[in-house]
Amino acid sequence: MTTSNTLISEADIQSRIRSLAAEIERDYPPGEGVHLVAILKGGFMFMADLVRAMSERVTMDFMAVSSYGKGTTSSGQVRVLKDLDSNVEGRHVILVEDIVDTGLTLHYLQELLMARRPRSLKTACLLSKPSRRKVEDTVDYIGFTIDDHFVVGY
């Protein structure tokens, strides 16, 4: 039998998400609109809570990618399993990830979406593991910075 420890409490997560929502809303003028793109499957719950914490109307879309294959460590090869349903050209876009680990997936997605000419592109993640980075890309909104732990659950 394995034991599990709570790394971050639900109350702390919800409080930080409210703070991130406020940061995002401060960064974009009222009425400009923000298009959030959740990276499935992990980013879905984080984005849902983030949207509920925002007062401004936002639009949403989803992408599914794989960089892990059948293991628990990144292969470094990113494959798009589900692309966006909407055009991001000229829009303020925020990529929403649950965890930024090596940075390889995030880097790939940033390059892919920048080629689609958004007005701006930023990223948000619930958990960041800087000690695992292989690629240094900017994460604009970070919920929590954690050590190199394998984490499960939201």
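Reading guide: rules and limits
- Residues numbered from 1 in each chain as written.
- Predicted model: local features only at pLDDT ≥ 70, side-chain atom pairs only at ≥ 80, totals over all residues.
- Heavy atoms only, no water.
- Helix = DSSP H or I, 4+ residues; strand = E, 2+ residues; numbered from the N terminus.
- Expected span 1.5 Å × (residues − 1).
- Buried < 20%, exposed > 50% of the residue type's maximum accessible area, 1.4 Å probe, protein only.
- Arc of directions from axis to C-beta.
- Contact = heavy atoms within 4.5 Å.
- Salt bridge = Lys/Arg side-chain N within 4 Å of Asp/Glu carboxyl O.
- Pairing = 2+ DSSP bridges.
- Axes fitted to C-alpha atoms, helices over the stretch in contact; angles between N-to-C directions.

Helix length check: helix α1 (residues 10-27) (18 residues) gives 26 Å between terminal C-alpha atoms against 26 Å at 1.5 Å per residue, within 8%. Among the residues making up α1, those that are buried are Ile13, Ile17, Leu20, Ala21 and Ile24. End-on view of α1: buried residues confined to an arc of 105°, all on one side of the axis. Opposite the buried face of α1, by more than 90 degrees, sit the exposed residues Ala11 and Arg26. The inward-facing, buried residues of α1 contact α2 (43-53), β4 (92-100), β5 (120-128) and β6 (141-145).

What follows covers the pattern of salt bridges. Summed over the entire model, instances satisfying the criterion amount to 8 salt bridges. Here Arg116 makes a salt bridge to Asp83, at a shortest N to O gap of 2.8 Å. You can see Arg116 sitting in the loop between α3 (104-114) and β5 and its partner Asp83 sitting in the loop between β3 (79-82) and β4, a full 33 residues away along the chain. The exposure class of Arg116 is partly exposed, given its relative accessible area of 26%. For Asp83, a relative accessible area of 31% translates into the label partly exposed. A salt bridge links Asp101 to Lys129, with the shortest nitrogen-to-oxygen separation between them at 3.9 Å.

Our next topic: the sheet that holds β6. Taken in spatial order, the 6 strands of this open sheet run β3-β2-β1-β4-β5-β6, and their pairing is mixed. The sheet is open, and its two edges are formed by β3 and β6, each paired on a single side. Here the average twist between neighbouring strands, direction ignored, is 30°. Where strand β1 (residues 34-40) and strand β2 (residues 58-66) come together, 7 bridges link them in parallel fashion. Within the sheet, the bridge partner assigned to Val34 lies in β2 and is Val58. Taken strand by strand, α1 contacts β4, β5 and β6, and its axis lies near 155° from that of β6. Against the sheet, α2 makes contact with β1, β2, β4 and β5, and its axis sits at roughly 155° relative to β1, the strand it touches most.

Cis geometry marks the peptide bond from Leu40 to Lys41, where omega comes out at 0°. By the secondary structure assignment, Lys41 is in the loop between β1 and α2. In this structure, Arg117 is a non-glycine residue whose phi angle is positive, near 60°.

These figures come from the coordinates and say nothing about function on their own.
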